[in-house]
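# Overview (structure and organization)
One letter stands for each residue in the lines below.
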Amino acid sequence: MKPAFERHDDGIRMQLRSEEVDLLQRMRDELQAVLAAEDPDDPVRQRLFPSAVSQDDDADQELRRLIHDDLLRSRLDALDALAGYLDRAHRQRGRYVTDLVEEEPAIVLGTLNDIRLALASRVGLDVLEHREFVTDQTTQTTLAVMDWFGMWQEQLLVAMDPESARHYDEGHDLDELDDLEG
Amino acid sequence: MSTLTLPRLAGPAAAPVAEPDVDTNTDIRPDGPWDVIVWDDPVNLMTYVVHVFRKVFGFPEPVARKLMLDVHHHGKALVATEPREQAEFYVQQLHGYGLQATMQRTS
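From a predicted model like this one, the values you see are computed outputs, not experimental measurements.

So, on to the overall build of chain A. On a plain count of helices and strands, chain A comes out with seven helices and four strands. The helix and strand sequence of chain A, counted from the amino end, reads β-β-α-α-α-β-β-α-α-α-α. A total of 182 residues make up chain A; the buried ones form 47% of that total. For chain A, restricting intrachain contacts to residue pairs at least 6 apart in sequence, the fraction spanning at least 24 positions comes to 62%.

Rendered as structure tokens:
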């Protein structure tokens, strides 16, 4: 099966089936709407704008206030950029293909991660930790989408930063890693 | 609902990979060093966390991987100890990548 993301020329090729494009666009639209709504009680927002300072509520509030606007802006800009990458796709052998260059793969990686975080916030921590007991279709679908987008992230990381995608049991003995401590 | 915003209480904190010389804690600046902590969460992929540590801190892969495993196994890890502004910068970067990170005064 062709990966959704793979190295191509000097960049990374995104190649999605039409139902994958539809899914990604829908998830993109939903996250954009949540961010635009600016509802502070929304668990998605709470996860995407989390605690910043431990053991000092005043300092935490202050730093979160400082961080908030730029963080919101960069997330919204990334979602806009993703829409653009999908729009400029051309059809090739049954896929919608976009060649991503420069910072574009990193932007896509971030949007996929934000979408997964948002989906996780919707289903709740208990569900994530006990997913084997999940019976309702909607939640199962959400978990499946999270897994699918997680697979895309892995493919993208293999293409962008192969070093990060090495498995811990390949090459390095964990004791060897301990020697790297000061 | 989701408790993902609350840092989980963890077991023993991981030892920092590169600890500053303890004597530097005798500086007389009113605002001493701050620890940057990354907390475990059930969503971020291990591969992704390694990538983020490489990008934000410039760590070589084995160091980034070791820290990621510390977060994964111990619930949290100390990733940096810095003056306040630098620590704030790191927290902001890490939040941008979707990690749960907080800063606290170095004890």
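Before going further, it helps to examine the overall build of chain B. When helices and strands are counted, chain B shows three helices and three strands. Counted from the first residue to the last, chain B has its helices and strands arranged as β-α-α-β-α-β. Residues classed as buried in chain B amount to 55% of the 107 residues present. A total accessible area of about 5000 Å² is found for chain B, and carbon and sulfur atoms account for 55% of it.

Residues and elements named next belong to chain A. Structurally, Thr98 can be placed in strand 4 (residues 95-100). When its relative accessible area of 2% is taken as the criterion, Thr98 is described as buried. When sequence neighbours within four positions are dropped, the list of residues in contact with Thr98 reads Ile12, Arg13, Met14, Tyr85, Arg88 and Ala89.

All right, on to the environment of A:Asp126 then. Along the polypeptide, A:Asp126 turns up in helix 5 (residues 125-129). Separated by 56 residues in sequence, A:Asp126 and A:Asp70 place their C-alpha atoms 31 Å apart.

A word on the pattern of salt bridges. Counted according to the given criterion, the structure contains 16 salt bridges over all chains. In this structure, the salt-bridge partner of B:Glu88 is B:Arg84, at a minimum N-O distance of 3.1 Å. You can see B:Glu88 and its partner B:Arg84 sitting in helix 3 (residues 84-96), four residues apart, about one turn around the helix. On the basis of relative accessibility, which here comes to 19%, the residue B:Glu88 falls in the buried class. On the basis of relative accessibility, which here comes to 26%, the residue B:Arg84 falls in the partly exposed class. Beyond isolated ion pairs, a larger network of salt bridges with shared partners links A:Arg17, A:Glu19 and A:Glu20.

Next up on the list: the packing of aromatic side chains. All names here are of chain A. This model, assessed by the stated rule, comprises six aromatic pairs over all chains. Each ring, one from Phe149 and one from Trp152, has its centre 4.9 Å from the other, and the planes form 15 degrees; the classification is stacked. With a gap of three residues between them, Phe149 and Trp152 both fall in helix 6 (residues 137-160), about one helical turn apart. The class of Trp152 is buried, set by a relative accessible area of 0%.

What follows is about unusual backbone geometry. Residue and element names in this part refer to chain A. Phi angles above zero are rare outside glycine, and Arg93 is one such case at about 50 degrees. Within the element layout of this structure, Arg93 appears in the loop between strand 3 (90-92) and strand 4. One non-glycine residue, Glu102, lies in the positive phi region at around 55 degrees. Mapped onto the fold, Glu102 is located in the loop between strand 4 and helix 4 (104-123).

All names here are of chain A. Both strand 1 (residues 5-8) and strand 2 (residues 11-16) contribute to a ladder of four bridges, which runs antiparallel. When the sheet's bridge partners are listed, Arg7 is paired in strand 2 with Ile12. The turn joining strand 1 and strand 2, which pair antiparallel and follow one another in sequence, is formed by two residues; a positive phi near 50 degrees is taken by Asp9.

Quick look at the confidence of the model for chain A now. Per-residue confidence for chain A averages 90 on the pLDDT scale, and 91% of its residues sit at or above 70. Note on residues 169-174 of chain A: pLDDT under 50 across the span, and five contacts to partners over four residues away in sequence or across chains.

So, on to the nonpolar core. One finds A:Phe5, A:Leu24, A:Phe149, B:Phe53, B:Phe57 and B:Leu94 to be the most contacted residues of the largest nonpolar core, which totals 77 residues. Here this core takes eleven residues from helix 3 (residues 57-87) of chain A, the largest share from any one element. Discounting chain neighbours no more than four positions away, the residues touching B:Leu94 are B:Val36, B:Val38, B:Val52, B:Phe53, B:Val56, B:Phe57, B:Leu99 and B:Ala101.

Calculation criteria
- Residues numbered from 1 in each chain as written.
- Chains lettered and ligands numbered in written order.
- Predicted model: local features only at pLDDT ≥ 70, side-chain atom pairs only at ≥ 80, totals over all residues.
- Heavy atoms only, no water.
- Helix = DSSP H or I, 4+ residues; strand = E, 2+ residues; numbered from the N terminus.
- Buried < 20%, exposed > 50% of the residue type's maximum accessible area, 1.4 Å probe, protein only.
- Contact = heavy atoms within 4.5 Å.
- Areas by Shrake-Rupley, 256 points an atom, 1.4 Å probe, with all protein chains shown as cover.
- Salt bridge = Lys/Arg side-chain N within 4 Å of Asp/Glu carboxyl O.
- Phe/Tyr/Trp six-rings, centres within 6.5 Å; stacked < 30°, edge-to-face > 60°.
- Pairing = 2+ DSSP bridges.
- pLDDT = per-residue confidence, 0-100.
- Core = buried A, V, L, I, M, F, W, Y, C linked by side-chain atoms within 4.5 Å.

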